[in-house]
Each structure stands twice: as C-alpha cells, then as structure tokens.
Amino acid sequence: MSQQQPPATGVVMTLVSHPQFKTQLSHGPSGSGFATEAPRDNGGTGGSFSPTDLVGAALMSCAVTTMHLFASREGISLGEIRARVEKRMTPPPRRIGELVLDIQMPAGLSAENRSRLEQVGRECPVARSLHPDVKLPVTFSYPD
C-alpha cells in the first residue's frame, strides 16, 4: 500500500541503496546523480565519497560558490578559486568533529574585498547549518 506524498516545497533528491554499503543519489530537478559508500574504516572500500565526506565537500563548494555570487553582485572581478577540505572524525560515537578548510584565492584583490569575501565564505549557508560543536577553521591564502 503506497502513501501519497505531500507536494514538494523544496528540492527533491532520491536515493537507492545497493549492497556493500553503497547508495546511488539523484538530484530531482536536474536528474544528475552520484554514488556514495561507507568509508574504508567503517566497512566500505573507499571507492567513493562517504556521506560525511559530502558534508565537507558541501562546505567547500558552498563557501566558494557564495563568494562567487557575492563578487558577481558587487562587481568584483574574482577569477579562479581553489580549495581543500580535511574532514576529521571524532572517536566513537562517530561524528564530524572538524572540517579544516583552506581556500586559495586569486591575486589582485584589494584588502577591503579580501575581508568582505572571507566573511561571506565563512558565513555560507552550509557553515551556518552545521552544529556549533563542529570546528570550522578556515584559512585564506593569496599569491600576492
């Protein structure tokens, strides 16, 4: 017997589970998808993102995307940004304890724009959505 689902009010994503702790996710609006699996230290093969890896990837992507959106609205020529995140888990019970984010910014930004962009990156929606117990050290580096 199937239950009727209420109408969607946000972005709908779906998941199908597979053997060996794997899942296949789909993004409703675009139809794009990707796989996840349990991390190697928890029974997976390490062949794909784990669910907690996605939290780190989401933080990194959100910070950079939010900075680009801000720069576009403010008429700031931003250029390419690169980033790296390291997810650090706590001892049992497992949870994300820290997401160490390093953002490599492009050259040529004024001190004022650097400050504004850094604030926007640190306060992106994903960062604001994480539990306050998750440590979020963020560093910004510039080639000039």
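An unreviewed UniProt entry lists the chain under the name OsmC/Ohr family protein, from Myxococcus stipitatus.

Engineer: I'd like a description of the domain arrangement of the chain, backed by residues and values.
Structural biologist: We note that the domain assignment places domain 1 (12–49) and domain 2 (50–141) within the chain. Of note, the centres of domain 1 and domain 2, computed from C-alpha atoms alone, are 23 Å apart. Each partner contributes to the interface: domain 1 provides 8 residues, whereas domain 2 provides 6 residues. Across the domain 1/domain 2 interface, buried area totals approximately 550 Å², and carbon plus sulfur atoms make up 67% of it. At the junction of domain 1 and domain 2, the tally comes to 1 salt bridge. One salt bridge in this structure joins Arg94 and Asp41, with 3.2 Å as the shortest N-O distance. Applying the counting criterion to the domain 1 and domain 2 interface returns 2 residue pairs in polar contact (both at pLDDT 80 or more). In terms of residue class, the side of domain 1 that touches domain 2 is built from 3 nonpolar, 3 polar and 2 charged.

Engineer: So what about the side chain of Glu98? Which residues, and what values?
Structural biologist: As for its position among the elements, Glu98 is in strand β5 (residues 96–104). In this structure, Glu98 is in contact with Glu86, Lys87, Arg88, Val134, Lys135 and Pro137, ignoring residues within four places of it in sequence.

Engineer: Give me the lowdown on the pattern of salt bridges, citing residues and values where you can.
Structural biologist: Enumeration according to the criterion identifies 9 salt bridges in this entry. Here Glu98 makes a salt bridge to Arg88, at a shortest N to O gap of 3.1 Å. Taken together, the residues Glu98 in strand β5 and Arg88 in strand β4 (residues 82–89) connect sequence positions 10 residues apart. With a relative accessible area of 19%, Glu98 lands in the buried category. By relative accessible area, Arg88 is classed as partly exposed at 35%.

Each value, and the rule that gives it
Residues numbered from 1 in each chain as written. Predicted model: local features only at pLDDT ≥ 70, side-chain atom pairs only at ≥ 80, totals over all residues. Heavy atoms only, no water. Domains from an automatic or database assignment. Contact = heavy atoms within 4.5 Å. Buried area = accessible area lost by both parts, 1.4 Å probe. Salt bridge = Lys/Arg side-chain N within 4 Å of Asp/Glu carboxyl O. Polar contact = N/O pair within 3.5 Å; in protein donor to acceptor, adjacent residues only side chain to side chain. Nonpolar A, V, L, I, M, F, W, Y, C, P; charged D, E, K, R; others polar. Helix = DSSP H or I, 4+ residues; strand = E, 2+ residues; numbered from the N terminus. Buried < 20%, exposed > 50% of the residue type's maximum accessible area, 1.4 Å probe, protein only.

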